[in-house]
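# Reading the structure
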Amino acid sequence: MSFRMKTINPHPKPPLVAAPFDSESLLRGSGLRVTRAAQTVLELLEHNSQPLTHEEVAAACTAATGEAPDRVTIYRVLDRLVEAGLCDRRVGPDRVNRFSRHVETASGNTFECDQCHKVLALPSDPELPKVMGRLGKALRKQGIDTRHTALTLHGTCGDCAR
Ligand SMILES: [Zn+2]
């Protein structure tokens, strides 16, 4: 009869986790109430590279927590996250609202994929602020005061082009 000893590691390594996403302090730092729903939604958006519709957020919450969330609560949470600047709301050509984690871009210039609606910061280009400045000046001559300029390039992202 053969007998093999099982080796048991007395100090199992915890699974490697990249810098944990701290939804609680993000919410608190933005002056929002820390609720289970708000944390779940913020974490879902953080970990999805693609913007989600309200439907998709609700479905993902169900998958994450095992129970269907209150739809009105999800609407309110999304609204609050957008108001606090933690998330962006974009209306697609299909008139559907999509929500994603706010993309920090120094310039405010972004690329948006028309297939999956992913939003990426544009690479910085030293010419761009000059061009935007010129456009602002040209508009001022027409009596238009621009407060905020942001350029969005539309197209197909690398994932969708495959
Ligand atoms: Zn895409």
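For the structure, check the block above.
Residues numbered from 1 in each chain as written. Predicted model: local features only at pLDDT ≥ 70, side-chain atom pairs only at ≥ 80, totals over all residues. Heavy atoms only, no water.

What follows is about the overall build of the protein. If you tally the helices and strands in the protein, you get six helices and six strands. Element order for the protein, N to C, with α for helix and β for strand: α-α-β-α-α-β-β-β-β-α-β-α. Counting the 162 residues in the protein, one finds 28% classified as buried. In the structure as shown, the protein presents an accessible area of about 11,800 Å², 53% of it carried by carbon and sulfur atoms. (Helix = DSSP H or I, 4+ residues; strand = E, 2+ residues; numbered from the N terminus. Buried < 20%, exposed > 50% of the residue type's maximum accessible area, 1.4 Å probe, protein only. Areas by Shrake-Rupley, 256 points an atom, 1.4 Å probe, with all protein chains shown as cover.)

So, about the coordination of the zinc ion. Six octahedral donors around a metal ideally make angles of 90 or 180 degrees; four tetrahedral donors ideally make 109.5 degrees. At this site the zinc ion is bound by Cys113 (SG), Cys116 (SG), Cys157 (SG) and Cys160 (SG), with donor distances of 2.3 to 2.4 Å. Taken together, the four donor atoms coordinating the zinc ion and their angles of 106 to 113° define a geometry best described as tetrahedral. Donor residues for the zinc ion sit on one chain with the sequence pattern C-x2-C-x40-C-x2-C. Here the residue Cys113 occupies a position in strand 4 (residues 110–113), and Cys157 occupies one in the loop between strand 6 (152–155) and helix 6 (158–161), the gap between them amounting to 44 residues. (Donors = N, O, S within 2.8 Å, 3.2 Å for Na, K, Ca; no water. Tetrahedral: all angles 85-135°; square planar, octahedral: opposite > 155°, others 65-115°.)

Moving on, we get to the pattern of salt bridges. In total, this model carries 10 salt bridges according to the counting rule given. Across the salt bridge formed by Glu112 and Arg90, the nearest N and O atoms sit 3.8 Å from each other. You can see Glu112 sitting in strand 4 and its partner Arg90 sitting in strand 2 (residues 87–91), a full 22 residues away along the chain. In this structure, Asp159 engages Arg162 in a salt bridge whose closest nitrogen and oxygen atoms are separated by 3.7 Å. The partly exposed category is assigned to Asp159, whose relative accessible area is 45%. The class for Arg162 is exposed, based on a relative accessible area of 81%. Overlapping salt bridges, with partners in common, bring together Asp88, Arg90 and Glu112 in one network. (Salt bridge = Lys/Arg side-chain N within 4 Å of Asp/Glu carboxyl O.)

Remark: helix 2 (residues 36–47) packs on helix 3 (residues 54–65), axes separated minimally by 10 Å, with the N-to-C direction vectors making an angle of 105°. Put simply, helix 2 runs roughly perpendicular to helix 3. Judged by residue contacts, Thr40, Val41, Leu44 and Leu45 of helix 2 engage Val57, Ala60, Cys61 and Thr65 from helix 3. Looking at side-chain class alone, the contact of helix 2 with helix 3 contains six nonpolar, two polar and no charged residues. (Axes fitted to C-alpha atoms, helices over the stretch in contact; angles between N-to-C directions. Parallel < 35°, antiparallel > 145°, perpendicular 65-115°, else oblique. Contact = heavy atoms within 4.5 Å. Nonpolar A, V, L, I, M, F, W, Y, C, P; charged D, E, K, R; others polar.)

Because side chains alternate across strand 4, one face comprises the buried residues Thr110 and Glu112, and the other comprises Phe111 and Cys113, equally buried. Pairing of strand 4 with strand 5 (residues 119–121), which is carried by three bridges, proceeds in the antiparallel orientation. Looking across to strand 5, one finds that Glu112 is bridged to Val119. Count of turn residues in the strand 4/strand 5 antiparallel hairpin: five residues, of which His117 carries a positive phi of about 65°. Pairing analysis gives four bridges linking strand 4 to strand 6, with the strands arranged parallel. Its bridge partner lying in strand 6, Cys113 is registered against Gly155. (Pairing = 2+ DSSP bridges.)

Any functional reading would require information that these geometric values do not contain.
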